[in-house]
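Per-entry structural report
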Number of protein chains: 2
Amino acid sequence: MSDYRLHCFAQSGNAYKVALYLNCAGLDWEPVFVDFMAGGVTRDPAWRTANNAMGEAPVLEHAGKSYSQSGAILTMLAEKTGKFAPNGADEAYEALRWILFDNHKFTSFLATYRFQRAFLPNAPDPAVLAFLKGRFEPALNVVEGHLANRAFILGDWPTIADFSFAGYAFFPEAETGFDFDDVAPNFAAWKRRMAALAGWQDPYDLMPGEKIAPVR
Amino acid sequence: MSDYRLHCFAQSGNAYKVALYLNCAGLDWEPVFVDFMAGGVTRDPAWRTANNAMGEAPVLEHAGKSYSQSGAILTMLAEKTGKFAPNGADEAYEALRWILFDNHKFTSFLATYRFQRAFLPNAPDPAVLAFLKGRFEPALNVVEGHLANRAFILGDWPTIADFSFAGYAFFPEAETGFDFDDVAPNFAAWKRRMAALAGWQDPYDLMPGEKIAPVR
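Here is a short report on the structure shown in this document.

A few points about the overall build of chain A
What chain A contains, in helices and strands, is 10 helices and four strands. Reading the helices (α) and strands (β) of chain A from amino to carboxyl end gives β-α-β-α-β-β-α-α-α-α-α-α-α-α. The C-alpha atoms of chain A give a radius of gyration of 17 Å, which matches the 17 Å a tight globule of 216 residues would have. By its C-alpha atoms, chain A is 45 × 45 × 25 Å across when sized along the principal axes. Expressed as a percentage of its 216 residues, the buried residues of chain A come to 56%. Pairs at least 24 apart in sequence give 74% of the contacts found in chain A among residues at least 6 apart. Of the roughly 8,600 Å² of accessible surface on chain A, a fraction of 50% belongs to carbon and sulfur atoms. Here chain A carries 19 positive and 25 negative side-chain charges, and the mean point of each set is 4 Å from the other.

Shown next as structure tokens:
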């Protein structure tokens, strides 16, 4: 059995954050398919009890323990392995600050916007879609400005903070509705730097699950 | 000058997380009023440059440094002071996991729902309001279930994770639209335990800024 077993599925950018980290860090890991898109497995009481009360993917199994919340998993893995770890207390603070911003304002709205526009079975309310897009764009602008004079979120080298922002960045425009080359060139250049890392793979190549065509 | 200076305003639950922590921890702190509700101060380039590129309150000044993101501030303060600190690595993981969940799913939706329904100058779109409420409720249910057999988020004693969930919990029902005694009795009981801590104060007593009547 691999050192790390990641319960994940291809459409989950939050799972991708951890899958991409494990792969780029060269750790011994395997994906375990969670059939979330087929509906409800993460809401199943047995999954919740065994894995996490929050009912979310990803869940990482390692050394007999289960870990949920991608930002906490990334923080723990960096501390344990030293890979893509912040250097010292000030950088650790900065990584956590950006991971929280990602969870609160960036991934949260981009993920929800993408799901509503591409995968929600019934057509989403246009006002809700516009609201979510209007919430994500200022967060994107913050990151775009931050990357104007930095190669990666903390500076010259990639850290766990970059893996957090990578969550939904590599899904196709047909899903996210965003052409980052067009609206956020610094972020798009950062994407190319991330994609150049050894071990980088597209979410649909890295994690199990059928690619699903956007429903609209 | 106080050891800690917290840039905050009474309506900000994210600022309240830190203000309440500082007060309950008995630290030497003072609030510095950020007139966010009057519009735009946190979007001012000077504030952003001096304090934080994310343009958010709160910002904590301590020993010549500025810190933003309430979850990162709480984590740093617990490490520095030992007050309301998780005990050991497993609890530190658990605290971070819940702080991330709070930022991603709990505070985020409750804060936005409250602002839209109580303070947005123009009437919000009913579909957006319903969406935000519908997002917050499952997060509340997760916390409600978790508190069924625990006094506080990590167990018998309050930690920084509790201060995170306290952010918007104490604003009046006229603002949040939630009567927690009615819909989440475990959470309401947890609120009473938090309110019994030495140093607890209502957000409108603890932080500067006029109380503003909900606009609708």
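Some words on the pattern of salt bridges
For the structure on display, the rule yields 18 salt bridges over all chains. A salt bridge links Arg5 of chain A to Glu61 of chain A; the shortest N-O distance between them is 3.6 Å. Of this pair, Arg5 of chain A sits in strand β1 (residues 4-8) while Glu61 of chain A sits in strand β3 (residues 59-62), placing them 56 residues apart in sequence. A salt bridge links Glu56 of chain B to Lys105 of chain A; the shortest N-O distance between them is 2.6 Å. Remark: Lys105 of chain A occurs in helix α4 (residues 88-119) and Glu56 of chain B occurs in the loop between α2 (45-50) and β3 (59-62); the pair is interchain, linking two chains.

So, the side chain of Arg97 of chain A
Mapped onto the elements of the fold, Arg97 of chain A is located in helix α4. Within the structure, Arg97 of chain A has its side chain in polar contact with the side chain of Glu94 of chain A (distance 3.0 Å).

Looking at the sheet that holds β3 of chain B
Residues and elements named next belong to chain B. Pairing is mixed across the open sheet formed by four strands, whose spatial order is β2-β1-β3-β4. Two strands in the sheet have a free side with no partner beyond their single neighbour: β2 (29-33) and β4 (65-68). Averaged over all pairs of adjacent strands, the angle between their axes in this sheet comes to 25 degrees, without regard to strand direction. As paired elements, strand β1 (residues 4-8) and β3 share four bridges and run antiparallel to each other. Counted as the bridge partner of His7 is Val59 from β3. Its contacts with the sheet put helix α3 (residues 70-81) on β1, β3 and β4, and the angle it makes with β4 is roughly 125 degrees.

Comments concerning α3 of chain B
Residue and element names in this part refer to chain B. Its 12 residues place the ends of α3 16 Å apart at the C-alpha level, agreeing with the 16 Å of an ideal helix rising 1.5 Å per residue. In terms of residue burial, α3 counts as a mostly covered element, since nine of its 12 residues are buried. Along α3, the residues that are buried comprise Ser70, Gly71, Ala72, Ile73, Leu74, Thr75, Met76, Leu77 and Ala78.

So, the nonpolar core
Tyr21, Trp98 and Phe187 of chain A together with Tyr21, Trp98 and Phe187 of chain B are the most contacted members of the largest nonpolar core, which has 143 residues in total. With near-sequence residues (within four places) excluded, Tyr21 of chain A lies in contact with Tyr16, Leu27, Leu74, Leu77, Ala78, Thr81, Lys83, Phe84, Ile160 and Phe163 of chain A.

Some points on the packing of aromatic side chains
Per the stated rule, a full pass over the model turns up 40 aromatic pairs over all chains. Measuring from centroid to centroid gives 5.0 Å for Phe180 of chain B and Phe187 of chain B, while their planes differ by 70 degrees, and the two rings are edge-to-face. Each member of the pair Phe180 of chain B and Phe187 of chain B is classed as buried. Across from the ring centre of Phe171 of chain A, 3.7 Å away, lies the NZ or CZ of Arg114 of chain A, which sits over that ring. We note Arg193 of chain A situated over the ring of Phe152 of chain A; from NZ or CZ to the ring centre the distance is 6.0 Å.

Here we look at the interface of chain B and chain A
Counting residues at the interface gives 36 residues for chain B and 36 residues for chain A. Carbon and sulfur atoms supply 66% of the area buried between chain B and chain A, which totals about 3,200 Å² over both sides. Taken together, the links from chain B to chain A amount to four salt bridges. At the surface where chain B touches chain A, the tally comes to 10 residue pairs in polar contact (both at pLDDT 80 or more). At the level of elements, β4, α3, α4 (88-119) and α5 (126-146) of chain B are the ones that each hand at least two residues to the side of chain B that touches chain A. Per-element accounting of the side of chain B that touches chain A gives the leading share, 14 residues, to α4 of chain B. When grouped by side-chain class, the residues that make up the side of chain B that touches chain A number 17 nonpolar, 11 polar and eight charged.

Thoughts on helix α9 (residues 185-195) of chain A
Listed in full, the buried residues belonging to α9 of chain A are Phe187, Ala188, Ala189, Trp190, Lys191 and Met194 of chain A. Contacts made by the buried residues of α9 of chain A are with α4, α5 (126-146), α6 (160-165) and α8 (180-183) of chain A.

With respect to the relation of the copies chain B and chain A
By a simple turn and slide, chain B fits onto chain A: the slide is 0.0 Å along the axis, the RMSD is 0.0 Å, and the turn is 180 degrees. Expressed as an axis order, the relation between the two copies is that of a two-fold axis. Mapped onto chain A, 100% of the interface residues of chain B again fall at the interface, so both copies present the same surface.

Scoring rules and cut-offs
- Residues numbered from 1 in each chain as written.
- Chains lettered and ligands numbered in written order.
- Predicted model: local features only at pLDDT ≥ 70, side-chain atom pairs only at ≥ 80, totals over all residues.
- Heavy atoms only, no water.
- Helix = DSSP H or I, 4+ residues; strand = E, 2+ residues; numbered from the N terminus.
- Rg over C-alpha atoms; globule rule 2.2 N^0.38 Å.
- Buried < 20%, exposed > 50% of the residue type's maximum accessible area, 1.4 Å probe, protein only.
- Contact = heavy atoms within 4.5 Å.
- Areas by Shrake-Rupley, 256 points an atom, 1.4 Å probe, with all protein chains shown as cover.
- Lys, Arg positive; Asp, Glu negative; His and termini not counted.
- Charge placed at Lys NZ, Arg CZ, Asp CG, Glu CD.
- Salt bridge = Lys/Arg side-chain N within 4 Å of Asp/Glu carboxyl O.
- Polar contact = N/O pair within 3.5 Å; in protein donor to acceptor, adjacent residues only side chain to side chain.
- Pairing = 2+ DSSP bridges.
- Axes fitted to C-alpha atoms, helices over the stretch in contact; angles between N-to-C directions.
- Expected span 1.5 Å × (residues − 1).
- Core = buried A, V, L, I, M, F, W, Y, C linked by side-chain atoms within 4.5 Å.
- Phe/Tyr/Trp six-rings, centres within 6.5 Å; stacked < 30°, edge-to-face > 60°.
- Lys NZ or Arg CZ within 6 Å of the ring centre and 35° of its normal.
- Buried area = accessible area lost by both parts, 1.4 Å probe.
- Nonpolar A, V, L, I, M, F, W, Y, C, P; charged D, E, K, R; others polar.
- Least-squares fit on C-alpha atoms with pLDDT ≥ 70 in both.

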